[in-house]
Amino acid sequence: MLHPVVLSGGSGTRLWPLSRQNQPKQFLALMGDRSLFQETVLRAAALPEAAAPVTVCSDEHRFMVGEQLQTVGVASGGILLEPAPRSTAPAIALAAFHALTGDADATLLVLPADHLIADEAAFRSAVGAARRLAADGWLVAFGITPDYPETGYGYIRSGEPLGADGFRIARFVEKPDLATAERYLAEGGYAWNSGMFLFRADAYLAELGRHAPAMREAAERAYRNARRDLDFTRIDAEAFAASPSDSIDYAVMEKTDRAAVVPVSCGWSDIGSWSSLWSVAERDASGNRSEGDVIAVDTRDSLIRASDGRLIATLGVEELVIVDTADATLVARKERVQDVKKVVDLLKNAGRTEHLVHRKVYRPWGSYDSIAVGERFQVKRIVVKPGAALSLQRHRHRAEHWVVVSGVAEVTCDERVFELRENQSTYIPQGSLHRLRNRTDAPVELIEVQSGGYLGEDDIERLEDVYGRAERPA
């Protein structure tokens, strides 16, 4: 059976300020109402004879993965939690061991969670060709047929044909300079390395054991010692830490003599920058891609994204990227957006948080939005989903006032348990044991006013939590 494996461990910053560590680009709706992750799992689930997709992600994003799968109605074939990033080769090994536990003939289709594919019929046809090659023991890479001389991707050079389905890989090529990329395009026989692969799980593990035995051994031990946690599989941290960190390209594909490539033209993009998003997006007659409340006068070839109901007006500009969020706005020339990492590095070095979290933060129980922060106070808008509950907790450094805006909240404060309805409020003293719960089938919205000498999210001591979280804001 075909087992899609969705690699969702990235926390990239190339789409800052929209993409942040707590909500990287794969979980964002960049081209419509669904996130790139959701589009990926739906695309995989629609393939013939496909099992439920396996997701490999970080502990930090586990609830986001579960909720986004549930929202689009895709069953999970397992959510494997990487205790630390070790690149793609060990992550795929974990998925291979997982698939083989229930299917000795498992074939893996490895898909990054953050890619866009416009022509799904062409993609399905390429998967069919790759499956036929994999049945003969080939480890297959999907090579994107280039239509311009891109210098930001690695390339694959095709060798001898393998029937009508693909080619033996002659060699992998690092990211070229422009002149070399132009030559590749003119010569033909080169493809962009998409980062998508298909192979039998046992064949991959055999080649990994041959070329990176320490990595295979560490991954096997880490998976064997994994434990269940709600709907997640927690990979053993100590064993996984022993694994070398390397990509599948370097660890296996460039060393094996069983590497094949299936060329495909399927409207693929890795959405690696704001300019690449602009290039694949639908644009108006002036070449602009606008989202939200935007007025563009004498503006050309720009990407403008407004948020939170704020108006963005442009006048007499061109070739710009303007991305507005609740707490940060990026304005850049399109040709400079690859350098957005420099901004992120400056934020890190300054000890700021705008690269880590949005003002609105999602939790398994709902969300909160920090709408005002000042000296010794913070105001949050909190939304609790139907049937959800915050942890039973207390704070050492702050007190809280809760005002219910809509819905019915069940409040625990020390020995008292009571209901709050619209326009009712309560006070949670510093150090009191408390919990907020929604037992209804409608969301609860409230305003929380915090006051105290320290208001950080790490001032949470959890005593009980239905989501199995440790004593930290996860």
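Conventions and cut-offs
- Residue positions within a chain follow its written sequence, with the count starting from 1.
- The predicted nature of this model means local features are confined to residues of pLDDT at least 70 and side-chain atom pairs, given and counted, to a pLDDT of 80 or more, with totals for whole chains, interfaces and linings taken over all residues.
- Computation of side-chain values covers all heavy atoms of the structure but excludes hydrogens and water.
- The secondary structure listing takes helices from DSSP runs of H or I that are at least 4 residues long and strands from runs of E that are at least 2 residues long, numbered from the N terminus.
- Just to be clear, the radius of gyration here is over C-alpha atoms, and the globule rule we use is 2.2 Å times residues to the power 0.38.
- Think of it in three bands: with a 1.4 Å probe and only protein chains considered, a residue is buried below 20% of the maximum accessible area for its type, exposed above 50%, and partly exposed in between.
- Whether two residues touch is decided by their heavy atoms; if any such pair falls within 4.5 Å, the residues are in contact.
- The method behind every accessible area is Shrake-Rupley, applied with a 1.4 Å probe, and residues are considered shielded solely by the protein chains displayed.
- UniProt positions are given in the numbering used here, feature names are shortened, and annotations may be inferred rather than shown by experiment.
- Pairing between two strands requires that DSSP report at least two bridges joining them.
- Take the buried Ala, Val, Leu, Ile, Met, Phe, Trp, Tyr and Cys residues and link them wherever side-chain atoms come within 4.5 Å; each set so joined is a nonpolar core.
- Each axis is a line fitted through C-alpha atoms, taken for helices only over the stretch in contact, and angles between the N-to-C directions span 0 to 180 degrees.
- Any angle that is under 35 degrees is reported as roughly parallel, and any over 145 degrees as roughly antiparallel; angles of 65 to 115 degrees are reported as roughly perpendicular and all others as oblique.
- Put simply, Ala, Val, Leu, Ile, Met, Phe, Trp, Tyr, Cys and Pro go in the nonpolar bin, Asp, Glu, Lys and Arg in the charged bin, and everything else, Gly too, in the polar bin.
- Two distance rules govern patches: like charges are joined within 9 Å, and nonpolar side chains (Val, Leu, Ile, Met, Phe, Trp, Tyr) within 5 Å, applied only to residues with over 30% relative accessible area and no salt bridge.
- For this document, the term salt bridge refers to a Lys or Arg side-chain nitrogen within 4 Å of an Asp or Glu carboxyl oxygen.
- Identification of polar contacts relies on pairs of N or O atoms within 3.5 Å, with a donor-acceptor requirement for protein atoms, meaning one able to donate a hydrogen and the other able to accept it, and with residues adjacent in sequence counted only if both atoms are side-chain atoms.
- In this scheme Phe, Tyr and Trp rings, the latter by its six-membered ring, pair at centre separations within 6.5 Å, and the angle between planes marks the pair as stacked below 30 degrees, edge-to-face above 60, and tilted otherwise.

**Regarding the overall build of the chain**
Summing up its helical and strand segments, the chain has 11 helices and 30 strands in all. For 474 residues, the compact-globule estimate of 2.2 N^0.38 gives 23 Å, and the chain sits close to it at 24 Å. The burial tally for the chain puts 53% of its 474 residues in the buried class. Within the chain, counting contacts between residues at least 6 apart in sequence, those at least 24 apart form 67% of the total. Carbon and sulfur atoms make up 48% of the accessible area of the chain, which amounts to about 20,900 Å² in all.

**Thoughts on the UniProt feature "domain: Mannose-6-phosphate isomerase type II C-terminal" (unreviewed entry) in the chain**
In this numbering, the UniProt entry assigns the feature "domain: Mannose-6-phosphate isomerase type II C-terminal" (unreviewed entry) to residues 351–465. As annotated, residues 351–465 has a helix share of 0% and a strand share of 56%, and its two end C-alpha atoms lie 30 Å apart.

**Some details on the pairing of strand β12 (residues 259–264)**
The side chains of a regular strand alternate between both faces of the sheet. In terms of residue burial, β12 counts as a mostly covered element, since five of its six residues are buried. Where strand β6 (residues 139–144) and β12 come together, six bridges link them in parallel fashion. The partner of Ile 144 across the bridge, within β12, is Val 264.

**As for the nonpolar core**
In this structure, Leu 108, Phe 199, Tyr 204 and Met 253 are the most contacted members of the largest nonpolar core, which totals 43 residues. The greatest single-element share of this core, amounting to nine residues, is contributed by helix α3 (residues 88–100). Dropping the residues within four chain positions of it, Phe 199 is found in contact with Ile 92, Thr 107, Leu 108, Val 110, Ala 134, Trp 138, Leu 139, Val 140, Tyr 204 and Ile 248. Within the second largest apolar cluster, 34 residues are counted, among which are Val 72, Tyr 368, Ile 382 and Cys 413.

**Regarding the packing of helix α6 (residues 201–211) against helix α7 (residues 213–224)**
Viewed as axis vectors pointing N to C, α6 and α7 meet at an angle of 125°, and their least axial separation amounts to 5 Å. In this view, α6 runs oblique relative to α7, as classed from their interaxial angle. Touching Leu 205, Leu 208, Gly 209, Arg 210 and His 211 of α6 are Pro 213, Met 215 and Arg 216, all from α7. Taken together, the residues that form the contact of α6 with α7 break down as four nonpolar, two polar and two charged.

**Observations regarding a nonpolar patch on the surface**
A cluster of nonpolar side chains, contributed by Ile 295, Val 297, Leu 311 and Leu 315, occupies part of the molecular surface with about 380 Å² of accessible area. Along the chain, the position of Leu 311 falls in the loop between β16 (303–305) and β17 (312–315). The exposure class of Leu 311 is partly exposed, given its relative accessible area of 49%.

**Points about unusual backbone geometry**
With an omega of 10°, the peptide bond between Trp 16 and Pro 17 qualifies as cis. Relative to the elements of secondary structure, Pro 17 occurs in the loop between β1 (2–8) and α1 (36–45). Here Asp 301, not a glycine, exhibits a phi torsion of approximately 50°, which is positive. Its place among the elements puts Asp 301 in the loop between β15 (294–297) and β16. Phi is positive for Asn 423, which is not a glycine, with a value near 75°. Mapped onto the fold, Asn 423 is located in the loop between β26 (416–420) and β27 (425–428).

**Remarks on the sheet that holds strand β18 (residues 320–324)**
By definition, the strands of a sheet pair up through backbone hydrogen bonds, in either a parallel or an antiparallel sense. Taken together, four strands build an open sheet; the order of strands is β14-β16-β18-β19 and the sheet is mixed. Edge positions in the open sheet fall to β14 (289–291) and β19 (329–333), since each of these has one partner strand only. On average, each strand axis in the sheet is tilted by 5° relative to the strand beside it, whichever way the strands run. As paired elements, β14 and β16 share three bridges and run parallel to each other. Each residue of the ladder has a partner; that of Arg 289, found in β16, is Leu 303.

**Notes on the environment of Leu 47**
Within the secondary structure, Leu 47 sits in the loop between α1 and β2 (54–58). Given the relative accessible area of 5%, Leu 47 is considered buried. Remark: the alpha-carbon pair of Leu 47 and Pro 4, spanning 43 residues in sequence, is separated by 9.3 Å. Ignoring anything within four residues of it in the chain, the contact list for Leu 47 reads Leu 2, Leu 109, Phe 123, Arg 124 and Val 127.

**A few points about the side chain of Asp 465**
Among the secondary structure elements, Asp 465 is positioned in the segment after β30 (461–464). A polar side-chain atom of Asp 465 sits 3.1 Å from the main-chain amide nitrogen of Tyr 467.

**Topic: the packing of aromatic side chains**
Within this structure, the stated rule accounts for 11 aromatic pairs. Taking the centre distance of 5.8 Å and the plane angle of 80° together, the rings of Phe 63 and Tyr 467 count as edge-to-face. Here the residue Phe 63 occupies a position in helix α2 (residues 62–71), and Tyr 467 occupies one in the segment after β30, the gap between them amounting to 404 residues. Ring centres 5.2 Å apart and planes at 65° place the aromatic pair Tyr 153 and Trp 268 in the edge-to-face group. A residue pair is termed long-range when its members are at least 10 positions apart, and Tyr 153 in the loop between β6 and β7 (155–162) and Trp 268 in strand β13 (residues 268–269) qualify at 115 residues. For the pair Tyr 153 and Trp 268, a shared accessibility class is recorded, and that class is buried.

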